[in-house]
Amino acid sequence: MTRRDPLITLNVNGTVHALSLPGTTPLLSVLRNDLGLNGPKFGCGLGECGSCTVLVDGVAARACVLHIGDVAGRSITTLEGLGGPDAMHPVQQAFVEMAGAQCGYCLNGMIMTTAALVDANPEPTDEQIREALRYNLCRCGTHVEILVAVRRAVEHVGAQRRDADRSRR
């Protein structure tokens, strides 16, 4: 008789997936290999570079070091879940407008970390932005462009919130 792993339920980008995998399976492997979501990248495999960043219940987290058993039933958002070409998230839009990437390998982590930051703090200071992004490594040196894109994202989020406030009145 073969042992079957219990079903683990993952809520990824608003879609529930029931998976028969060991709870120790890395979340990044499931996202990329089983669900076909390639926004999160495999970088270091140690949770140090940030290229695999996703949001777990709105908090930036490293998918390469999370096991699916640890995030079962929680809300997981990948780059694809933030928005797409027809309806970009304000952070995605800002990175496009400001050409906030060169090779793009760190882009997933930079965008996801920025999205978590502006959700928690819609008006971060430059120091808070640098602190939030300090553990996301950019190998090609686009740091200046990334910071400009994050500042633009803060402007977009602020405008979006002001518009929402006006429409509620």
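Quick note: structure is the one above.
Overview of the structure.

1. Looking at the nonpolar core
- Counting residues in hydrophobic clusters, the biggest one holds 23 residues, and the most contacted among them are Leu82, Val91, Phe95, Met110 and Ile146.
- For this core, the secondary-structure elements that each account for two or more residues are α3 (79–82), α4 (90–97), α5 (107–120), α6 (126–133) and α7 (143–168).
- In terms of residues, this core owes the most to one element, α5, which gives seven residues.
- If you look at the next biggest cluster of nonpolar residues, it comprises 19 residues, including Val30, Cys64, Leu66 and Ile68.

2. Description of the pattern of salt bridges
- A complete count under the given rule lists seven salt bridges for this structure.
- Across the pair Asp126 and Arg151 runs a salt bridge whose closest N-O atoms are separated by 2.8 Å. Taken as a pair, Asp126 in helix α6 and Arg151 in helix α7 lie far apart in primary sequence, 25 residues in all.
- We classify Asp126 as partly exposed; its relative accessible area is 39%.
- Asp165 serves as the salt-bridge partner of Arg168, at 2.4 Å between the closest nitrogen and oxygen. Here Asp165 and Arg168 lie together in helix α7, a separation of three residues that amounts to about one turn.
- For Arg168, a relative accessible area of 63% puts it in the exposed group.
- For Asp165, a relative accessible area of 32% gives the class partly exposed.
- Taken together, the shared-partner salt bridges connect Glu97, Arg152 and Glu155 into one network.

Cut-offs applied
- Residues numbered from 1 in each chain as written.
- Predicted model: local features only at pLDDT ≥ 70, side-chain atom pairs only at ≥ 80, totals over all residues.
- Heavy atoms only, no water.
- Core = buried A, V, L, I, M, F, W, Y, C linked by side-chain atoms within 4.5 Å.
- Buried < 20%, exposed > 50% of the residue type's maximum accessible area, 1.4 Å probe, protein only.
- Helix = DSSP H or I, 4+ residues; strand = E, 2+ residues; numbered from the N terminus.
- Salt bridge = Lys/Arg side-chain N within 4 Å of Asp/Glu carboxyl O.

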